[in-house]
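Single-letter residue listing:
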Amino acid sequence: MELERTLVVMKPDAVQRGIVGEILARFERVGLKIVASKMVTPTQEHFMTHYETIGKMITRRGQDAYDSNLKYMVTGPVIAFVLEGVEAVAVVRKIVGSTEPKAADMGTIRGDYAHVSFGYADSKKKAIPNLIHASGDADDAKQEIIHWFRPEELVTYETPLESFQR
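Residues numbered from 1 in each chain as written. Predicted model: local features only at pLDDT ≥ 70, side-chain atom pairs only at ≥ 80, totals over all residues. Heavy atoms only, no water.

Colleague: Help me understand helix α6 (residues 88-96) in this model?
Modeller: Note on helix geometry: an α-helix contains 3.6 residues per turn, so any two residues three or four positions apart are oriented the same way. Where α6 is concerned, the buried positions are Ala 88, Val 89, Val 92, Ile 95 and Val 96. Buried residues along α6 cover an arc of 130° about the axis, so they all sit on one side. Trailing α6 by a residue or two, Gly 97 shows a phi angle of about 90°, which is positive. (Buried < 20%, exposed > 50% of the residue type's maximum accessible area, 1.4 Å probe, protein only. Helix = DSSP H or I, 4+ residues; strand = E, 2+ residues; numbered from the N terminus. Arc of directions from axis to C-beta.)

Colleague: Help me understand the layout of surface pockets in this model?
Modeller: Where empty space is left in the structure can be found by rolling a water-sized probe over the atoms. By volume, the largest pocket amounts to about 610 Å³. When contributions to the lining of the largest pocket are tallied by element, the ones reaching two or more residues are α3 (44-54), α4 (57-61), α5 (63-73), α8 (118-123), β4 (132-134) and α9 (138-148). Per element, the largest residue contribution to the lining of the largest pocket is 5 residues, and it comes from α5. Residue composition of the lining of the largest pocket, grouped by class: 9 nonpolar, 9 polar and 12 charged. As for the second largest pocket, its lining consists of 12 residues, and the residues nearest its centre are Gly 31, Leu 32, Gly 85, Leu 161 and Glu 162. (1 Å grid on protein atoms, 1.4 Å probe; cavity = no way out; pocket = protein on both sides within 12 Å on 5 of 7 lines; lining within 4 Å. Points joined across faces, edges and corners; volume = space filled by probe spheres on them. Nonpolar A, V, L, I, M, F, W, Y, C, P; charged D, E, K, R; others polar.)

Colleague: Which parts of the structure should I look at to understand the pattern of salt bridges?
Modeller: Side chains that differ in charge, positive against negative, can pair when their charged atoms come close. Applying the stated criterion to the full structure yields 7 salt bridges. Residue Glu 84 is joined to Arg 5 by a salt bridge in which the shortest nitrogen-to-oxygen separation is 2.8 Å. Taken together, the residues Glu 84 in strand β3 (residues 78-86) and Arg 5 in strand β1 (residues 3-10) connect sequence positions 79 residues apart. On the basis of relative accessibility, which here comes to 25%, the residue Arg 5 falls in the partly exposed class. For Lys 33, the salt bridge identified is with Glu 84, shortest N-O distance 3.3 Å. Note that Lys 33 is positioned in strand β2 (residues 33-40) and Glu 84 in strand β3, a separation of 51 residues in sequence. Lys 33 gets classed as buried once you look at its relative accessible area, which sits at 6%. Linked through salt bridges whose partners overlap, the residues forming this network are Lys 38, Arg 150, Glu 152 and Glu 153. (Salt bridge = Lys/Arg side-chain N within 4 Å of Asp/Glu carboxyl O.)

Below is the structure:
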């Protein structure tokens, strides 16, 4: 099994609530390595590419859900980072929990820090505040990383654990 990289984006609600450090620590505790990070305020065009060109959100959830999400995502800065590890995409998805916080298991990021359902958010015509984006699969991860980071922003280094495992 080879190492994999995946994109994670702390959404405006995670940044605004001041829980970025707590969330990031969960990934580090399982041994995932941060190989890129930055705080940014992306444009609507940036999010269009991320959520529709790559993620096909309109196809999956409809135009209203996409529009609500876009409006929400530009309400403040986000923190984007790339994590590296064995089967990193699946590991991150497991730690993050279900996209719908109401359905997320306790012990996951969304299960511990959010609770809103799709139905409630849709009835209010608002995006679901679910704290974090995590790449859905390895192909999405590759496209998203290229979209969010220039190659020179991705770093390579060895952790003490990796050195020991050699």
